[in-house]
Amino acid sequence: MTKLDEKVEPMFQEVLKRNPGETEFHQAVREVIESLGPVLVKHPEFGHHKIIERICEPERQIIFRVPWQDDKGEVHINRGFRVEFNSALGPYKGGLRFHPSVYLGIVKFLGFEQIFKNALTGMPIGGGKGGSDFDPKGKSDDEVMRFCQSFMTELYRHLGEYTDVPAGDIGVGGREIGYMFGQYKRITNRYESGVLTGKGLDWGGSLVRPEATGYGATFFVNEMLKARKDSFDGKICSVSGSGNVAIYTIEKITELGGKVVSCSDSNGYIYHEAGIDLDLVKQLKEVERRRIKDYTNYHKDAKYVAGGNIWQIPCQVAMPSATQNEINGKDAALLVKNGCIAVGEGANMPTTPEGVKVFLDAKIAYGPGKAANAGGVATSALEMQQNASRDAWSFEFTEKKLEDIMVNIHRLCYETAEEYGEPGNYVVGANIAGFIKVAKAMVAMGLI
Ligand code: NDP
């Protein structure tokens, strides 16, 4: 691991001390503050106002009990979280994750990343994240509804269109957002569309929101390729996961002329040399909620590898779109050795610090999640805009806005990296550009 700048090292030690055992949060903080030494030299006022120390401490952390009953009448207890991390730029904004691995350290890593990601979009949104250790997999619709209603019965008091606006993440899609919005509306007696994003199209949702994270990540990679006078045309690509982000990443890559040959879920991966049949993946995962291994029932020329490592498959563009720390140092080295020239992170923090170092040392185009996957939250902010003006934009208009936002984020990261003497390093560019926006707002608002 690289050594931290001596100005930020004590701040990191303090984070370790104050947040014991939260390894993912430590990793996310380290990755950001590693870039910030030169910023403190250029902006001594940020040091004076203790901006880094304040940013590392969430404004508010909410942990609550979520009791619910399964279809047999048995009672279950889960734990709910909402970490309202930073509201310097706008109401807290960030998704809810339902997955058995969720604990405070995961929610805090995601919330921390969200602060800088949201700043990069240029939209008026602060950073937050939440979720539960509830596992929606294998549950009936009724069970998921009862869980969501119980979750919202506590969370609603902390939300509001000017306060905190959650969205989806792993395990939280249109179905879950619907149940939560219904319960919010029922308890508060307010049809407050702007309190949740990722809603259904008929009741306040935005076109392009389901596609936004995947499309946005692909636009970002396209910009990185363009900056190297290259394109997606004819590129062999690997996309991990087969959920919301993965599906729409595959769709946009294909539209831009690339060929995706593999995707996965937590049990294994598919390799299909002819190119992934996206309609089938959508049917299996979005409609029937089945496992990716069933893909081979329909395509005999495709291969399923149970428990396999998708990054062993040679590809020119890799887009990790499943979960945190899914590419380690060895995987990264193998990807580079096999000819990978670009990595765009649809998932949050999918590459370990060792993996990131491999990509940066190899000087391939590496787009970190907080920049590359910002299209999801940006389109959530577009949904909030439409809700506030009681308007509904066309698909083309909304997609063009998303593309413009991703082009701007790419340019901002690219130019900031150059300004700080690290051309082509999108990690440095994203961390510094996002941090400066939030830091300036915090200085302006005084000690709060
Ligand atoms: P989904 O729940 O729709 O899909 C997640 C996919 O990743 C599934 O295929 C799932 O497989 C797989 N996966 C999840 N956890 C693991 C694990 N521990 N090991 C291996 N595979 C796993 O989630 P999303 O597509 O919404 O989210 C994917 C990533 O993108 C996350 O990192 C999320 O934080 C990030 N992201 C999402 C945004 C959004 O708008 N949805 C916005 C920005 C980032 P299985 O079905 O087997 O669990």
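Note: the structure precedes this text.
All of these numbers come straight from a predicted model, not from anything done at the bench. (Residues numbered from 1 in each chain as written. Predicted model: local features only at pLDDT ≥ 70, side-chain atom pairs only at ≥ 80, totals over all residues. Heavy atoms only, no water.)

J.: Help me understand the pairing of strand β8 (residues 268-271) in this model?
T.: Consecutive side chains along a regular strand alternate between the two faces of the sheet. Of the pairings in the sheet, the one linking strand β7 (residues 259-265) to β8 comprises four bridges and is antiparallel in character. Bridging across to β8, Ser 264 finds its partner in Tyr 269. Connecting β7 to the next strand, β8, in antiparallel fashion are two residues. Note: β8 against strand β9 (residues 303-306), four bridges, orientation antiparallel. In the sheet register, Tyr 269 faces β9, and the bridge partner there is Val 305. (Pairing = 2+ DSSP bridges. Helix = DSSP H or I, 4+ residues; strand = E, 2+ residues; numbered from the N terminus.)

J.: Explain helix α13 (residues 353-362) to me, please; I cannot follow it from the model alone.
T.: Owing to its 3.6 residues per turn, the α-helix brings residues three or four apart onto one side. Within α13, burial applies to Gly 355, Val 356 and Phe 359. In an axial view of α13, the angular spread of the buried residues amounts to 100°, which keeps them on one side of the axis. Taken together, the buried residues of α13 touch α12 (329-337), β11 (342-344), β12 (365-367) and α17 (426-444). Trailing α13 by a residue or two, Lys 363 shows a phi angle of about 60°, which is positive. (Buried < 20%, exposed > 50% of the residue type's maximum accessible area, 1.4 Å probe, protein only. Arc of directions from axis to C-beta. Contact = heavy atoms within 4.5 Å.)

J.: Could you clarify how one ought to interpret the packing of aromatic side chains in this entry?
T.: For any pair of aromatic rings, the description rests on two quantities: the centre-to-centre distance and the angle between the ring planes. The tally for this structure, following the rule as stated, stands at 20 aromatic pairs. Both rings, one in Phe 46 and one in Phe 435, keep their centres 5.8 Å apart while their planes meet at 85°; by these two values the pair is edge-to-face. Separated by 389 residues along the polypeptide, Phe 46 in helix α4 (residues 44-48) and Phe 435 in helix α17 bring together distant segments of the chain. Residue Phe 46 is classed as buried on the basis of its relative accessible area, which comes to 1%. Arranged with centres 5.1 Å apart and planes meeting at 75°, the rings of Phe 112 and Phe 116 form a pair that is edge-to-face. Of the two residues, Phe 112 and Phe 116 are both situated in helix α6 (residues 104-120); the distance of four residues between them amounts to about one turn of the helix. Each member of the pair, Phe 112 as well as Phe 116, is classed as buried. Feature note: the residues Phe 64, Trp 68, Phe 98, Phe 134, Phe 147 and Phe 151 constitute an aromatic cluster, connected by ring pairs. (Phe/Tyr/Trp six-rings, centres within 6.5 Å; stacked < 30°, edge-to-face > 60°.)

J.: Before we go on, may I ask you to explain the sheet that holds β9 in this structure?
T.: Two modes of strand pairing occur in sheets, parallel and antiparallel, and in both the strands are linked by backbone hydrogen bonds. Here seven strands make up an open sheet; going across it, the order is β9-β8-β7-β6-β10-β11-β12 and the pairing mixed. Two strands bound the open sheet, and with one partner strand each, they are β9 and β12. With direction set aside, neighbouring strand axes in the sheet form an average angle of 15°. Of the pairings in the sheet, the one linking strand β6 (residues 236-239) to strand β10 (residues 317-319) comprises three bridges and is parallel in character. Counterpart to Val 239 in the pairing with β10 is Met 319. (Axes fitted to C-alpha atoms, helices over the stretch in contact; angles between N-to-C directions.)

J.: Help me understand the side chain of Ser 240, please; the structure alone is not making it clear to me.
T.: As for its placement among the helices and strands, Ser 240 is situated in the loop between β6 and α10 (244-255). Here Glu 326 takes part through its side chain, which lies 2.7 Å from a polar atom of the side chain of Ser 240. With sequence-adjacent residues up to four places away left out, Ser 240 is seen in contact with Ala 246, Ser 264, Ile 310, Trp 311, Met 319, Pro 320, Ser 321, Ala 322 and Glu 326. (Polar contact = N/O pair within 3.5 Å; in protein donor to acceptor, adjacent residues only side chain to side chain.)

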